[in-house]
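Close look at the chain arrangement
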Amino acid sequence: SQKIEQNSEALNIQEGKTATLTCNYTNYSPAYLQWYRQDPGRGPVFLLLIRENEKEKRKERLKVTFDTTLKQSLFHITASQPADSATYLCALDLKTGANNLFFGTGTRLTVIP
Amino acid sequence: EAQVTQNPRYLITVTGKKLTVTCSQNMNHEYMSWYRQDPGLGLRQIYYSMNVEVTDKGDVPEGYKVSRKEKRNFPLILESPSPNQTSLYFCASTFRGTGELFFGEGSRLTVL
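Here is a short report on the structure shown in this document. (Residues numbered from 1 in each chain as written. Chains lettered and ligands numbered in written order. Predicted model: local features only at pLDDT ≥ 70, side-chain atom pairs only at ≥ 80, totals over all residues. Heavy atoms only, no water.)

Quick word on the interface of chain B and chain A
Applied cut-off: Only heavy atoms matter for contacts: two residues are in contact if any of them lie within 4.5 Å across the pair. Buried area is a sum: the accessible area each of two parts loses on coming together, probed at 1.4 Å, counted once for each and added. Definition used for salt bridges: Asp or Glu carboxyl oxygen within 4 Å of a side-chain nitrogen of Lys or Arg. Any N or O atom pair separated by 3.5 Å or less is treated as a polar contact, with the protein-specific requirement of one donor-capable and one acceptor-capable atom, and with residues adjacent in sequence counted only for side-chain atom pairs. Under the DSSP-based scheme used, a helix requires at least four consecutive residues in state H or I and a strand at least two consecutive residues in state E, with every element numbered from the N terminus.
Listed by partner, the interface residues are 22 residues for chain B and 21 residues for chain A. Summed over both partners, the interface of chain B with chain A comes to about 1700 Å²; 48% of that surface belongs to carbon and sulfur atoms. When residues of chain B are sorted by the area they lose upon contact with chain A, Leu 43, Phe 103 and Glu 105 of chain B head the list and together hold 25% of the total. Between chain B and chain A we count one salt bridge in total. Here Arg 42 of chain A ties to Glu 105 of chain B by a salt bridge, and the two come within 2.7 Å at their closest N and O atoms. Applying the counting criterion to the chain B and chain A interface returns four residue pairs in polar contact (both at pLDDT 80 or more). Put simply, the parts of the chain that give the side of chain B that touches chain A at least two residues each are strand S4 (31-38), strand S5 (42-51) and strand S9 (87-94) of chain B. With five residues, the single largest contributor to the side of chain B that touches chain A is S5 of chain B.

This is the structure we're talking about:
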């Protein structure tokens, strides 16, 4: 069966450290992989998109990698800050024309001051 | 300001009482979709629309209807709500082909 797993439900790290979140998938062949941030009571907000032929993408303190052989994406936040505390969702885009993203259940990140 | 607006944000209703959740976007996006978010299950697509008068089922369409009479609006209709439709609902939109979804703030629905 198709599955998207994000490494853990919750991750606590110390301010200033690098947070690494994992997204593993099985029985999908995504053309794109996206990461979103969701704050409590709010809608998800798009962060980064990486294509299947890209290994790495960066945006400010954020870095995403995409390994289609391992079927895994890693999401890094460097120099983490308490304001980075949120739930992070990965989403697979199969590009079937249905504009349907398949979401993981998210990892709740807490950055401790 | 570019945004997706949903109403109502919170609603408590009873089984069988028809309700509509409205969604409007001001970005001239072709694609619009509805998702529901449940603990442990993540976001799942209910219905989507690729343009005016073009709609199709997502992964969990049972018990829901939609319409797309205008490009900016995409209402979600629950003809006869049941308790298993208690959930957090999100409307989203995007330009054709970009993939990046713009989400509304969510509508928390409770069906008693």
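Points about the sheet that holds strand S8 (residues 76-78) of chain B
For sheets, the rule is that strands pair by backbone hydrogen bonds, running either parallel or antiparallel. Inclusion rule: Two strands make a pair as long as DSSP finds a minimum of two bridges between them.
The four strands lie next to each other as S1-S3-S8-S7 (chain B), forming an open sheet whose pairing is antiparallel. The open sheet is flanked by strand S1 (4-7) and strand S7 (65-66) of chain B, the only strands paired with a single partner.

Things to note about the sheet that holds strand S3 (residues 19-26) of chain A
Residue and element names in this part refer to chain A. Condition: An axis is simply a line fitted to the C-alpha atoms; with a helix, the fit covers only the stretch in contact. Between two such axes, the angle follows the N-to-C directions and lies from 0 to 180 degrees.
Reading across the sheet, the five strands line up as S1-S3-S8-S7-S6 and stay open at both edges, with antiparallel pairing between neighbours. The sheet terminates laterally at strand S1 (3-6) and strand S6 (56-59), the two strands that pair on one side only. For this sheet the average axis-to-axis angle between neighbouring strands, irrespective of direction, equals 15°. As defined by bridge partners, S1 adjoins S3 across four bridges and the pair is classed as antiparallel. Pairing of Ile 4 across the sheet is with Tyr 25, part of S3.

Comments concerning a nonpolar patch on the surface
All names here are of chain B. Note the cut-off: Like charges are joined within 9 Å and nonpolar side chains (Val, Leu, Ile, Met, Phe, Trp, Tyr) within 5 Å, but only among residues with over 30% relative accessible area and no salt bridge; these make up the patches. Accessible areas in this description were obtained via Shrake-Rupley with a 1.4 Å probe; residue shielding takes into account the shown protein chains only. Think of it in three bands: residues with accessible area under 20% of the maximum for their type are buried, residues over 50% are exposed, and the middle band is partly exposed, with areas taken using a 1.4 Å probe on protein chains only.
Taken together, the side chains of Ile 12, Val 14 and Leu 112 define a hydrophobic patch exposed on the protein surface, amounting to about 320 Å² of accessible area. With respect to the helices, strands and loops of the structure, Ile 12 is situated in strand S2 (residues 10-13). For Ile 12, a relative accessible area of 62% puts it in the exposed group.

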